Every structure is written in structure tokens, then in C-alpha cells.
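# Observations on chain architecture
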Amino acid sequence: MPLFEFTNKTQYGQLRKRIVHNESSQFTIKRGFGDFVAVRPFKYMSNSPYTPGLTRVNGKLYMIPDWVEVLPETTIKDIKAFEEETRGRKKGSKKVDNPTEWRFESKSDPGSYYVVKQISDYKVSCTCSGQYRAKDRKCRHMKEVMGELGIK
Ligand SMILES: [Zn+2]
């Protein structure tokens, strides 16, 4: 699982997303990325009904048959086939099969992380204690992620 989607907030308050490669499946966030820093495992999504593959053209790597340029470290394991997606949807399950994770570095305890997980289409969870203090039972990490996912 070497690909990650890395999100941080720019000094103008905009969310910036990047796909990055990391040797280990444990992603370490370097300090100095501002307020909102989140990382989650990432897979490229193929929109083609055919089995996706990878091909190198002029030193660049592309996911085929979509012809989307991908990171040079991408392997076939980092691609999610279109079919896989639809099959998951057809089950009609509200539960997210592979919960996606966002990590937030603790401000009071740098080096330790709170983990936000998407547990259903409408729900996220967080490992911090902020949610128990909040009236609506949602901490700022959950709100950030929900905002990003478009959950109200
Ligand atoms: Zn939290």
C-alpha cells in the first residue's frame, strides 16, 4: 500500500491534495504543513470496464485503458478496477468496506496522531476525546473530514 493521498491546508485556507509514494505503509507526516494535515491510503480508480493495466510511454507511467498518468511507483495493486467498485455499490451496503483513514497530528503531543475513519456513507469516527466535549459529539477532525467528504 505505498500510495497515499496527502491533504494539507495552504496559508490561504485552501485544501491541497497530492498523491504521494511512501516505501512503508506507515506514513510519517513532517511538521510545518499548517493546520490541517491528513493522509490516507490511496488507489487509482479505473473507469474502464476492462481489466486495468500499466504501461510506460516515454518514461511516464499510465494506467490503461484509461490513459491516466500515474505516479512512477504505481503498481497494479494500487489500481482499483471499475467492476470492483460497482460490485461494492450493488450490495447496497451503507458500510464502507475498506474504511479510509485520515491522520491528524496532535497539537499538544506532537508525534502522536488522531485517526479519523469513514465508517459509513454518513458517518466518521475519531480517536480523540474532543467529540465527547462537543455538544454535537463531533470533534474538529471529524468536521474537517466530513467537510471534505461532503457529509453534513
Ligand atoms: Zn478528533
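So, how was this worked out
Residues numbered from 1 in each chain as written. Predicted model: local features only at pLDDT ≥ 70, side-chain atom pairs only at ≥ 80, totals over all residues. Heavy atoms only, no water. Helix = DSSP H or I, 4+ residues; strand = E, 2+ residues; numbered from the N terminus. Contact = heavy atoms within 4.5 Å. Areas by Shrake-Rupley, 256 points an atom, 1.4 Å probe, with all protein chains shown as cover. Pairing = 2+ DSSP bridges. Axes fitted to C-alpha atoms, helices over the stretch in contact; angles between N-to-C directions. Salt bridge = Lys/Arg side-chain N within 4 Å of Asp/Glu carboxyl O. Buried < 20%, exposed > 50% of the residue type's maximum accessible area, 1.4 Å probe, protein only. Donors = N, O, S within 2.8 Å, 3.2 Å for Na, K, Ca; no water. Tetrahedral: all angles 85-135°; square planar, octahedral: opposite > 155°, others 65-115°.

Right, let's get into the overall build of the chain. Broken down by element type, the chain carries three helices and eleven strands. Tracing the chain from N to C terminus, the helices and strands come up as β-β-β-β-β-β-β-β-α-β-β-β-α-α. The long-range fraction of contacts in the chain, counting pairs at least 24 apart against all pairs at least 6 apart in sequence, stands at 44%. For the chain, the accessible surface area stands at approximately 10100 Å², while carbon and sulfur atoms represent 50% of it.

So, about the sheet that holds strand 2 (residues 15-21). Strand order across the open sheet formed by three strands is 2-1-3, with antiparallel pairing between neighbours. Each edge of the open sheet is held by one strand with a lone partner, namely strand 2 and strand 3 (37-41). With strand direction ignored, the average angle separating the axes of adjacent strands in the sheet is 20 degrees. Pairing of strand 1 (residues 3-9) with strand 2, which is carried by seven bridges, proceeds in the antiparallel orientation.

A separate point is the pattern of salt bridges. Within the structure shown, the criterion is met by six salt bridges. For Glu 148, the salt bridge identified is with Lys 17, shortest N-O distance 2.9 Å. Of this pair, Glu 148 sits in helix 3 (residues 140-149) while Lys 17 sits in strand 2, and the two are 131 residues apart along the sequence. Assessed through its relative accessible area of 43%, Lys 17 is described here as partly exposed. A cluster of three or more residues bridged by salt bridges with shared partners is formed by Glu 101, Arg 103 and Lys 117.

Moving on to the coordination of the zinc ion. Protein-derived ligands of the zinc ion are Cys 126 (SG), Cys 128 (SG), Cys 139 (SG) and His 141 (ND1), with the metal-ligand distances lying across 2.0 to 2.3 Å. Geometry at the zinc ion is tetrahedral, judged from its four donor atoms and the angles of 107 to 113 degrees they form at the metal. Between consecutive donors of the zinc ion, the numbers of intervening residues give the motif C-x1-C-x10-C-x1-H. Residue Cys 128 is located in the loop between strand 11 (123-126) and helix 2 (130-133), and its partner Cys 139 is located in the loop between helix 2 and helix 3; the two are separated by eleven residues in the primary sequence. Cys 139 carries the same exposure label as Cys 128, and that label is buried.

Turning next to the sheet that holds strand 9 (residues 101-105). Ordered in space as 9-10-11, the three strands form an open sheet in which the pairing is antiparallel. In the strand order of this sheet, the two ends are held by strand 9 and strand 11, each with one partner. Sheet twist, expressed as the mean angle between neighbouring strand axes with direction ignored, is 25 degrees. The pairing of strand 10 (residues 113-120) with strand 11 spans four bridges and is classified as antiparallel. Bridge pairing in strand 11 links Ser 120 to Lys 123. Relative to the sheet, helix 3 contacts strand 9, strand 10 and strand 11, its axis offset from that of strand 11 by approximately 150 degrees.

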